[in-house]
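Chain and residue survey
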Amino acid sequence: MKDISIPEEVKRLLKSRLIIHESLPSTNEYCKKDLVRDGQIVLAQKQTSGHGRMGRSFVSKEGGIYVSFCFEPRIGAKKLIPVTGMCAVAVRRAIKRCCDVSPEIKWTNDILLCGKKICGILAETTFEGGRPKKLIIGIGINLNQSKESFEGELSETASSISALTCKNTDPELMSAVLMEEIDRAYKALCEGGNAILPYIEEYRVHCSTLGKEIHILHPSLAPEGTDPRKAFAEDPSIFPSATAVDIDESFGLIVRYADGKRETLFSGEISIR
Ligand code: BTN
């Protein structure tokens, strides 16, 4: 276990903001309740209906950290656009500080170690009267699960930090450092402008997608009712391919097609060849 001690004031701050549950359906859903307010952090030791992007489920067994940060932003929806990319950088920093490893970021917001997904991030916004009411940043880190808890197909794509490094990490340390990094990223997000630039720079450095040949898994190109990932496994040729060349100032992925045309992708799924 990495030997970093948590300062007492950080421990106190974490305790004052944390709502801990042994088990929840989903910490993101729990944050949507009225009782969870600005600055609070909801943490569960396991989730029974953890979910990720595009309505996918996120396997959330004991040993991982499942946490959602709730903020009530006083900024417009447009200024929230970079949040996911900034959080990917913040979470990467937290993992590096606590576990002494250097993970990669797969666009848009998967954190990978040794090519396996060790963390997923789902940022959601709720609205009231056309304005953002809550910004919910949900983070699932595969921290101390055994290798065996990743079963079947999942074992090919995901793992835990402990299974990959043979070292366990103190979940309290991870939560405290995550709180520091997410608070820092949120402050920069609210400030906007130049405060975001270091996050974009760091994202570019650690984004393993750049320079690679990718397939763009547009859901509209998959047969109706079929998960684009499944459709891709059956017939990759239905999805266009391109080279990932850069990250823009909103964390969009700039791609170049074989005919030289460029496009910026803002969301959706890609597969790296
Ligand atoms: C993804 O991989 O697409 C994102 C996964 C996000 C999972 C986290 S775990 C805590 C929070 N609660 C959820 O239901 N989802 C997020």
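Rules used throughout
- Residues numbered from 1 in each chain as written.
- Predicted model: local features only at pLDDT ≥ 70, side-chain atom pairs only at ≥ 80, totals over all residues.
- Heavy atoms only, no water.
- Pairing = 2+ DSSP bridges.
- Helix = DSSP H or I, 4+ residues; strand = E, 2+ residues; numbered from the N terminus.
- Axes fitted to C-alpha atoms, helices over the stretch in contact; angles between N-to-C directions.
- Near = heavy atom within 4 Å.
- Polar contact = N/O pair within 3.5 Å; in protein donor to acceptor, adjacent residues only side chain to side chain.
- Areas by Shrake-Rupley, 256 points an atom, 1.4 Å probe, with all protein chains shown as cover.
- Nonpolar A, V, L, I, M, F, W, Y, C, P; charged D, E, K, R; others polar.
- Phe/Tyr/Trp six-rings, centres within 6.5 Å; stacked < 30°, edge-to-face > 60°.
- Buried < 20%, exposed > 50% of the residue type's maximum accessible area, 1.4 Å probe, protein only.

**Remarks on the sheet that holds strand β10 (residues 253–256)**
With respect to topology, five strands assemble into an open sheet ordered β11-β10-β9-β8-β12, the strand pairing being antiparallel. Only two strands of the sheet have a single neighbouring strand rather than two, namely β11 (262–265) and β12 (270–272). Put simply, the sheet's adjacent strands are angled 45 degrees from each other on average, direction ignored. Two elements, strand β8 (residues 213–216) and β12, share three bridges in a ladder whose sense is antiparallel. When the sheet's bridge partners are listed, Ile216 is paired in β12 with Ile270.

**Comments concerning the sheet that holds strand β1 (residues 18–24)**
Judged by pairing direction, the sheet is mixed, and its seven strands sit side by side in the order β1-β2-β3-β7-β6-β5-β4 without closing on themselves. Edge positions in the open sheet fall to β1 and β4 (104–106), since each of these has one partner strand only. Taken pair by pair, the neighbouring strands of this sheet meet at an average axis angle of 20 degrees, ignoring direction. Two elements, β4 and strand β5 (residues 110–113), share three bridges in a ladder whose sense is antiparallel.

**Here's the deal with the site of the ligand**
As a structural note, the neighbourhood of the ligand is formed by 18 residues, with Ser26, Gln47, His51, Arg53 and Lys117 the closest of them. Contacts to the ligand include Arg53, whose backbone N or O atom sits 2.8 Å from an oxygen atom. Within the contact set of the ligand, an oxygen atom lies 2.5 Å away from a side-chain nitrogen or oxygen of Lys117. Relative to its free-state accessible area of 420 Å², the ligand is covered by the protein chains to the extent of 97%. Those elements that provide at least two residues to the shell around the ligand are α2 (27–31), β3 (65–71), β6 (116–128) and β7 (131–141). When residues in the shell around the ligand are grouped by element, the largest group, four residues, is from β6. Here the residues of the shell around the ligand sort into five nonpolar, 11 polar and two charged.

**Observations regarding the packing of aromatic side chains**
Counted by the stated rule, this structure contains three aromatic pairs. Seen from their ring centres, Phe71 and Tyr186 are 3.9 Å apart, and the 10 degrees between their planes marks the pair as stacked. Taken together, the residues span a long stretch of sequence, with Phe71 in strand β3 and Tyr186 in helix α6 (residues 171–191) at a distance of 115 residues. Of the two residues, Phe71 and Tyr186, neither departs from the other in class, the shared state being buried.

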